[in-house]
Amino acid sequence: MANILAAQSVEMRAKGEAIIQQADRLLCESWNERMWSDGEPIDPSPTIDQAVNGGFPWLEIRCTRCKTPSDVDLAAMKHPPTTFVHDLASRLRCRKCAKAGRRPSATLLQLAWQPRHPRTEA
């Protein structure tokens, strides 16, 4: 009996994790749609861990000063995974402008499942 219950537990946990992953993906897609229509960071947004779990581990941004687009690997960020994506807007900076002694913030564009821009110094 214990083996049957353990097997059912594993099966239910796998189903639950798949449902949560699908919910996270839908949350990311919904946030992207609202970003495209409104054009500004939308609150609330998915958290970093929801974006990564939903299959959107990249955040596309653009420098507010030089307009250079760039991609941020959310999985590699040193912020807590419970940080909301929209809270990153004021924390992300353009490396290209930083070399020129400026520190403009980034504009958030969308979440992506892969990087869209070649690696640059932005």
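Read on for an overview of the structure. (Residues numbered from 1 in each chain as written. Predicted model: local features only at pLDDT ≥ 70, side-chain atom pairs only at ≥ 80, totals over all residues. Heavy atoms only, no water.)

Description of the sheet that holds strand β3 (residues 106-112)
Here's step 1: The strand order β2-β1-β3 describes an open sheet built from three strands, whose pairing is antiparallel. A single partner strand is all that each edge strand has here, and the edge strands are β2 (69-73) and β3. Strand-to-strand, the axes of this sheet are offset by a mean angle of 30°, without reference to chain direction.
Here's step 2: As defined by bridge partners, strand β1 (residues 58-63) adjoins β3 across six bridges and the pair is classed as antiparallel. Counted as the bridge partner of isoleucine 61 is leucine 108 from β3. (Pairing = 2+ DSSP bridges. Helix = DSSP H or I, 4+ residues; strand = E, 2+ residues; numbered from the N terminus. Axes fitted to C-alpha atoms, helices over the stretch in contact; angles between N-to-C directions.)

Some words on a nonpolar patch on the surface
Here's step 1: Taken together, Met1, Ile4 and Leu5 make up a surface patch of nonpolar side chains, about 350 Å² in accessible area.
Here's step 2: Among the structural elements, leucine 5 can be located in helix α1 (residues 2-38). (Patch = residues over 30% accessible without salt bridge, like charges linked within 9 Å, V, L, I, M, F, W, Y side chains within 5 Å. Areas by Shrake-Rupley, 256 points an atom, 1.4 Å probe, with all protein chains shown as cover. Salt bridge = Lys/Arg side-chain N within 4 Å of Asp/Glu carboxyl O.)

Quick notes on the pairing of β2
Here's step 1: Relative to β2, β1 runs antiparallel, the two sharing five bridges. Counterpart to tryptophan 58 in the pairing with β2 is aspartate 73.
Here's step 2: The turn joining β1 and β2, which pair antiparallel and follow one another in sequence, is formed by five residues; a positive phi near 65° is taken by lysine 67.

Considering the pattern of salt bridges
Here's step 1: Counted according to the given criterion, the structure contains three salt bridges.
Here's step 2: With a shortest N-O distance of 3.1 Å, glutamate 29 and arginine 25 are connected by a salt bridge. In this pair, glutamate 29 and arginine 25 both sit in helix α1, four residues apart, roughly one turn of the helix.
Here's step 3: Take glutamate 29: its relative accessible area is 32%, and that puts it in the partly exposed class.
Here's step 4: Take arginine 25: its relative accessible area is 30%, and that puts it in the partly exposed class. (Buried < 20%, exposed > 50% of the residue type's maximum accessible area, 1.4 Å probe, protein only.)

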